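If you want the building blocks of each chain, they are given just below.
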Amino acid sequence: MATTILKKPGTFYEVFTRKPDADKINTHYCPGCGHGKLHKLIAEAIEDFGIQDRVIIINPVGCSVFLYYYFDTGHIQVAHGRAPAVATGIKRVHPHSIVISYQGDGDLAAIGGNEILHAANRGEHITVFFVNNAIYGMTGGQMAPTTLPGMKTTTTPRGRDIRNEGYPLKMAELIATLDAPVYVERVALTDAKNMARARKAVRKAIQIQMENKGFAFVEALSACPTGWGMNPPDAEKWINEVMTKYFPLGVFKDISDKVEPVKFEKKVLSPEEIKKAIGVDGETLTMKKYQRNIVAEKYKNPKIKVAGFGGQGILLLGLVLAQAGMLEEYNVSWLPSYGPEMRGGTANCHVNISEFEIASPLVSIPTALIVMNRPSLEKFEPTVKSGGLIIYDNSLIDIEPSRKDVEVIPVPATKIADDIGSTKVANMVMLGAYIGYTGILTKESVFDALDIVVKRKELNELNRRAIEAGIEYVM
Amino acid sequence: MQITLQKAFIKINKEQCKGCTLCIETCPVDVLKISDKFNSRGYHYAEYVGDGCTGCGVCFYACPEPGAITVYKRGAVVDEEILTLN
């Protein structure tokens, strides 16, 4: 039986309590805004399909950023343009949810152009509603990728010049050229006829996801009376008469009859499978209790900075320290910091090992500096805390630290490593020297930590020898 | 008391109306008008002239506000008091 009462869909909150201002009944949209019309169609479809508990709406940046004020569904508000990427993640983790990405033209066609094309191209099982009003509405009517040629905006005061600003992006056409999308249509949120079509398109786009058929995309030409400087009826007339000339309405792709629905199976992993998947042999390592060394007061709770060239194993050195600290049940943190180069650039990492809670993983004033090249020594020597410790590789660094208020330990780590058999284990010699000198961690826990963090286990024999050589050197 | 409506009508919640006039523009039988009065937020709101609504529902979809317009079609079963409250 047909509905006999058309009223506020139940998908909307009765009262918009999340809205911070006093008015909790009306939307924040301007009079005549197309967003409200599309909201209503989506809300109605969700209610009619009985999927409210499964819907997660990705809130974009733009006027519709506050979707979560209105829809009583799941929400995530995401960074500008990133809605399809987040939608991808949610849908893959929760394939039984209905994930709706709702985006404007600045969000989807400009800053998020990359995300939408790739999500569409991968055929993600999401529904995308793209609101095209030809400008950036929220920020006051600047030119968007969808602005019509010759259209005046605050950033194209003489009209969009195609020789300077290019042509409007026709997103529906663009996406329809891809192989994966199942359904692509452009509608207009204007008169009764177009609203009926839009309503059908919205419902179909959601149904395609409910049937696990794939990616559905609906572009909605939408009025922005405020941004365009028109009254609402004129704005809708302008869409029908001008905008649709450039952005023709219609279905650009529909293979929903042909595609096979995908079956999403819920996979529940056993604890053993999880351990195997993340490469942890939980039994032997976590059960073991480690005896801590007695540490001299000045070496306790160190804030360590490890620095050198990328490729020297600086980050690994820090990681082994942190992992061993964790085995000894200290609080630890490890924060890598490096440039884009894998080798040759400078790298450093910040490590905390503490009996107390660690307030910040950053180590700006280290109490211990382990340094393996000259630029890093010059850079970080002044930052070391008075009374702190500098351990440096004097086979590579041809200057001496000049500070008199810190302990300085030169270790010819690279030379020692060479003698053992590989220059690459110089970092482990440095590590050995540090733990040997301060006693902060036991050899036992460090050796076990190596087995956890080093992927190529066959290297650990050499690593262990290097650590022992480092310890021996400082003893 | 529950009654079955013999003819359609619409209700406009004047406080939820922003006076955009899209409903008036779209109404095929021209039974909506803009009020001379303001609502509490300073908008001239849309009003039903009181007779002639066919219950087609196009104003409902034309209206951007979620709850400003409610359309009762012929045959709808409603509380009697709905007819008197406006």
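Computed from a predicted model, the values in this text were never measured in an experiment. (Residues numbered from 1 in each chain as written. Chains lettered and ligands numbered in written order. Predicted model: local features only at pLDDT ≥ 70, side-chain atom pairs only at ≥ 80, totals over all residues. Heavy atoms only, no water.)

**Q** Would you explain the overall build of chain A in this entry?
**A** What chain A contains, in helices and strands, is 18 helices and 16 strands. Over its C-alpha atoms chain A spans a radius of gyration of 31 Å, topping by over 25% the 23 Å that the globule rule assigns to 475 residues. Structurally, chain A occupies a C-alpha span of about 90 × 55 × 45 Å along its principal axes. Taken across its 475 residues, chain A has 52% of its residues classed as buried. (Helix = DSSP H or I, 4+ residues; strand = E, 2+ residues; numbered from the N terminus. Rg over C-alpha atoms; globule rule 2.2 N^0.38 Å. Buried < 20%, exposed > 50% of the residue type's maximum accessible area, 1.4 Å probe, protein only.)

**Q** Before we go on, may I ask you to explain the side chain of Gln-312 of chain A in this structure?
**A** Residues and elements named next belong to chain A. Tracing the backbone through its elements, the reader meets Gln-312 in the loop between strand 11 (303–309) and helix 13 (314–327). Of the polar contacts made by the side chain of Gln-312, one reaches the backbone nitrogen of Phe-309; its length is 2.8 Å. At a separation of 3.2 Å, a polar atom in the side chain of Gln-312 contacts the main-chain carbonyl oxygen of Met-372. In this structure Gln-312 touches Met-372, Leu-396, Lys-424 and Asn-427, once residues within four positions along its chain are discounted. (Polar contact = N/O pair within 3.5 Å; in protein donor to acceptor, adjacent residues only side chain to side chain. Contact = heavy atoms within 4.5 Å.)

**Q** What should I look at first to understand unusual backbone geometry in this one?
**A** A negative phi holds for most residues other than glycine; trans holds for most peptide bonds. In the Ramachandran plot, Asn-212 of chain A falls in the positive-phi region, its phi being about 55° despite a non-glycine side chain. One can find Asn-212 of chain A in the loop between helix 8 (192–210) and strand 9 (216–221). On the basis of relative accessibility, which here comes to 19%, the residue Asn-212 of chain A falls in the buried class. Here the phi dihedral of Thr-21 of chain B falls at roughly 70°; this positive angle occurs in a residue that is not glycine. By the element assignment, Thr-21 of chain B lies in the loop between strand 2 (9–12) and helix 1 (22–26).

**Q** Would you explain the pattern of salt bridges in this entry?
**A** A side chain of one charge can pair with a side chain of the opposite charge if their charged atoms are brought near each other. Following the criterion strictly, the structure yields 32 salt bridges over all chains and no others. Across the pair Glu-124 of chain A and Arg-92 of chain A runs a salt bridge, and its minimum N-O distance is 2.7 Å. You can see Glu-124 of chain A sitting in the loop between helix 5 (113–122) and strand 5 (127–132) and its partner Arg-92 of chain A sitting in helix 3 (residues 83–93), a full 32 residues away along the chain. Judged by relative accessible area, which is 4%, Glu-124 of chain A ranks as buried. Among the ionic contacts, a cluster of salt bridges with common partners joins Lys-19, Asp-21 and Asp-23 of chain A together with Arg-41 of chain B. (Salt bridge = Lys/Arg side-chain N within 4 Å of Asp/Glu carboxyl O.)

**Q** What exactly am I supposed to notice about the packing of helix 1 (residues 34–49) of chain A against helix 8 of chain A here?
**A** Axes are the key here: two packed helices are described by the angle between their axes and the distance separating the axes. Residue and element names in this part refer to chain A. Between helix 1 and helix 8, the shortest axis-to-axis distance is 10 Å and the interhelical angle comes to 45°. When the interaxial angle is binned, helix 1 and helix 8 end up oblique. Where helix 1 crosses over helix 8, the handedness of that crossing is right-handed. Mapping the contact onto sequence places Lys-37, Leu-38, Leu-41, Ile-42, Glu-44, Ala-45, Asp-48 and Phe-49 in helix 1 and Met-195, Ala-198, Arg-199, Val-202, Arg-203, Ile-206, Gln-207 and Met-210 in helix 8. Within the contact of helix 1 with helix 8, the residues separate by chemical class into 10 nonpolar, one polar and five charged. (Axes fitted to C-alpha atoms, helices over the stretch in contact; angles between N-to-C directions. Parallel < 35°, antiparallel > 145°, perpendicular 65-115°, else oblique. Left-handed = near helix turned anticlockwise from the far one by under 90°. Nonpolar A, V, L, I, M, F, W, Y, C, P; charged D, E, K, R; others polar.)

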